[in-house]
Amino acid sequence: MPDYLQQYFTLDKIIQIGISLAILLVFLILRKLFTRYFFNLLFNLTNRPKTEIFKQVVLAFDKPARWFFVALGLFLAIRYSPFLDEQMPVISKIYRSLIVALLCWGLCNLTATSSFIFHKVNQRFELDMDDILAPFLSKLLRFVIIALSVSVIAQEFNYDVNGFVAGLGLGGLAFALAAKDTISNFFGGIIIITEKPFTIGDWVETSTVTGSVEDITFRSTRFRTAQGALVTVPNSTLSMEAITNWTRMTKRQITFSIHVSYATPIENLERSIRSLRTMLLEHEGVDNETIMVNFDTFADSYYNLFFNFYTKTTVWAENLDIREDINYKIIEILGAEGVEFAYPGQMVVVKQKHQNDPFQVNLNKEEKERA
């Protein structure tokens, strides 16, 4: 071995290199054992209703814990290495920053939308947390966790976070002007969440979009239209519009008119209207609160019967089935009473002139003289 290499690879240093590699190998093996046995044991112990929260913690920190073993083994291996003594302060900072990042990873997993913690808080304090509020709070908590983690890592490398915040304060006005739309969208999202005009899955109609609500973020809300298109609307725009939530209807309206021939006797028409009202009142699919069946208009060539009522179901397909059944019953009732429908058309009445009409006689004389 050349002389310039002997000073680096002495017996003591070779032993230290071997110890470093052995430490790294041991921690890699421990990572496998931790994953296969110890972590499975923890999962089985916490897989009970009373320990559900501990189960969620174990699941959230599963992958971060595995990488922690790798990071710890690598750090100890480098520490026993004979060549990186001078770089150990920087390596220690990197290692501590990595631990903070792993903790941030686990906490972000714990505050995910489907996390058990939101369900427990919702039950404990009866917050009525719906499918919009939970994702929004999840994103907000994760933003706070990431911001704190970045701040801790920055301070670890002696970065003056206070000076950075002060700098933001000096440039706050310019930043506010530049981020005016973003801030308005954020507060628009807060308004939507607090007032709860809709939730995930509701069918909503506004002047901008009509569709099913898929997601709400800090900036915008996403809708899926009936054609399958995805429409993104800024929260500031959505919060200023009138919102019709068709999913929250308690009943669905049916209104139409029927044209009846003028040849129908008035007695038959009255009996038909009474029978139609009774039929709607007794129909199991019709809401009895508001039922209108009225002879309301004398049209040019027909009597107009006006219908207005509501079905108990708000499902469109079921509403159509009820409407179809009612139409068949209307035909039966009108047919039984001898009431005929009026067909589109126009009646022309020709009146004959009397032979002794002076105007007609003079007109005939004038025509003869011309001939």
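The protein is annotated in an unreviewed UniProt entry as Mechanosensitive ion channel family protein from Bacillus inaquosorum KCTC 13429. Recorded in UniProt for the protein, the comment headed Subcellular location (unreviewed entry) runs: "Cell membrane".

(A) View of the overall build of the protein. In terms of regular secondary structure, the protein is built from 14 helices and 8 strands. Looking at the protein as a whole, 30% of its 371 residues qualify as buried. Of the contacts made within the protein by residues no fewer than 6 positions apart, 63% connect residues no fewer than 24 positions apart. Taken as a whole, the protein presents about 24900 Å² of accessible surface, with 61% of it coming from carbon and sulfur.

(B) Quick peek at the sheet that holds strand β6 (residues 252–261). One open sheet holds the 3 strands; their spatial order is β6-β8-β7, and the pairing between them is antiparallel. At either margin of the open sheet sits one strand with a lone partner, and together these are β6 and β7 (286–298). Put simply, the sheet's adjacent strands are angled 15 degrees from each other on average, direction ignored. Here β6 pairs with strand β8 (residues 302–311) via 10 bridges, running antiparallel.

(C) The arrangement of the pairing of strand β4 (residues 230–234) in detail. Examined bridge by bridge, strand β3 (residues 220–224) and β4 share 5 bridges and lie antiparallel to one another. Each bridged residue has a counterpart across the sheet, and for S220 the counterpart in β4 is P234. In this antiparallel pair of consecutive strands, β3 and β4, the connection spans 5 residues, and G228 shows a positive phi of 90 degrees.

(D) Fine view of the packing of helix α4 (residues 62–79) against helix α5 (residues 88–110). It is the contact of α4 with α5, at a shortest axis distance of 10 Å, that shows an interaxial angle of 175 degrees. The angle between α4 and α5 places the two elements in the roughly antiparallel class. On α5, the residues touching K63, P64, W67, F68, A71, L72, F75, I78 and R79 of α4 are M88, I91, S92, Y95, L98, I99, L102, W105, G106 and N109. Along the lines of polarity and charge, the residues of the contact of α4 with α5 split into 14 nonpolar, 3 polar and 2 charged.

(E) Main features of the pattern of salt bridges. Within this structure, the stated rule accounts for 7 salt bridges. Between D202 and R248 there is a salt bridge, with the nearest N and O atoms lying 3.7 Å from each other. Taken as a pair, D202 in the loop between α10 (180–195) and β1 (203–205) and R248 in the loop between β5 (244–245) and β6 lie far apart in primary sequence, 46 residues in all. The salt bridge partner of R222 is D215, with a shortest N-O separation of 2.8 Å.

(F) A look at the packing of aromatic side chains. Under the definition given, this model contains 7 aromatic pairs. Ring centres 4.6 Å apart and planes at 90 degrees place the aromatic pair Y262 and Y303 in the edge-to-face group. A residue pair is termed long-range when its members are at least 10 positions apart, and Y262 in the loop between β6 and α12 (266–282) and Y303 in strand β8 qualify at 41 residues. Note on F295 and Y303: the rings are 5.1 Å apart at their centroids and 75 degrees apart in plane angle, and the pair reads as edge-to-face. Residue class for Y303 comes out buried when judged on its relative accessible area of 13%. Three or more aromatic residues joined by ring pairs form one cluster here, namely Y262, F295, F298 and Y303. When the ring centre of Y310 is taken as origin, the NZ or CZ atom of K251, which lies over that ring, is 4.9 Å away.

(G) Just the nonpolar core, in detail. In terms of nonpolar packing, the biggest core is built from 21 residues, with I258, L276, L280, F307, F309, I326 and I330 touching the most fellow members. Residue assignment for this core shows that the elements contributing at least two residues are β6, α12, β7, β8 and α13 (316–336). When neighbours within four sequence positions are excluded, L280 is seen to be in contact with V286, N288, I291, V293, F307, F309 and I326. Formed by 10 residues, the second largest nonpolar core is a distinct cluster that contains V209, V213, F223 and L238.

(H) Up close: the side chain of E337. Checked against the element boundaries, E337 lands in the loop between α13 and α14 (358–370). We classify E337 as buried; its relative accessible area is 19%. Polar side-chain contacts of E337 include one of 2.9 Å to the side chain of R271. Residues contacting E337, with those up to four places away along its chain left out, are N268, R271, S272 and S275.

(I) Highlighting the sheet that holds β1. Pairing is antiparallel in the open sheet, where 5 strands are placed in the order β4-β3-β2-β1-β5. Lying at the two open borders of the sheet, with one neighbouring strand each, are β4 and β5. Pairing between β1 and β5: 2 bridges, direction antiparallel. Bridged to V204 within β5 is N245.

Cut-offs and rules
Per chain, residues are indexed from 1 in the order of the written sequence. Confidence filtering applies because this is a predicted model: local features only for residues at pLDDT of at least 70, side-chain atom pairs given and counted only at 80 or more, and all residues used for totals across whole chains, interfaces and linings. Hydrogen atoms and water are omitted, and side-chain values are computed over all heavy atoms in the structure. UniProt positions are given in the numbering used here, feature names are shortened, and annotations may be inferred rather than shown by experiment. Numbering of helices and strands starts at the N terminus; helices are DSSP runs of H or I of at least 4 residues and strands are runs of E of at least 2. For each residue, the accessible area found with a 1.4 Å probe, counting protein chains only, is set against the maximum for its type, and the residue is called buried under 20%, exposed over 50%, and partly exposed in between. Any two residues whose heavy atoms approach within 4.5 Å are treated as being in contact. The method behind every accessible area is Shrake-Rupley, applied with a 1.4 Å probe, and residues are considered shielded solely by the protein chains displayed. Only strands that DSSP links by at least two bridges are regarded as paired with each other. Only the stretch in contact is used when a helix axis is fitted, and all axes are lines through C-alpha atoms; the angle between N-to-C directions ranges over 0 to 180 degrees. The cut-offs work like this: below 35 degrees is roughly parallel, past 145 is roughly antiparallel, 65 to 115 is roughly perpendicular, and the gaps in between are oblique. Side-chain classes are defined by residue name, with Ala, Val, Leu, Ile, Met, Phe, Trp, Tyr, Cys and Pro counting as nonpolar, Asp, Glu, Lys and Arg as charged, and the others, Gly among them, as polar. The salt bridge criterion pairs a side-chain nitrogen of Lys or Arg with a carboxyl oxygen of Asp or Glu, the two atoms within 4 Å. Between the rings of Phe, Tyr and Trp (Trp by its six-membered ring), a pair exists once the centres lie within 6.5 Å; its type follows the angle of the planes, with under 30 degrees stacked, over 60 edge-to-face, and the other angles tilted. Charge-over-ring contacts are defined here by two conditions on Lys NZ or Arg CZ: a distance within 6 Å of the ring centre and an angle within 35 degrees of the ring normal. Here, nonpolar core means buried Ala, Val, Leu, Ile, Met, Phe, Trp, Tyr and Cys residues that are tied together by side-chain atoms lying within 4.5 Å of each other. A 3.5 Å cut-off defines polar contacts: any pair of N or O atoms within that distance qualifies, except that in protein one atom must be a possible hydrogen donor and the other a possible acceptor, and neighbouring residues in sequence count only when both atoms are side-chain atoms.

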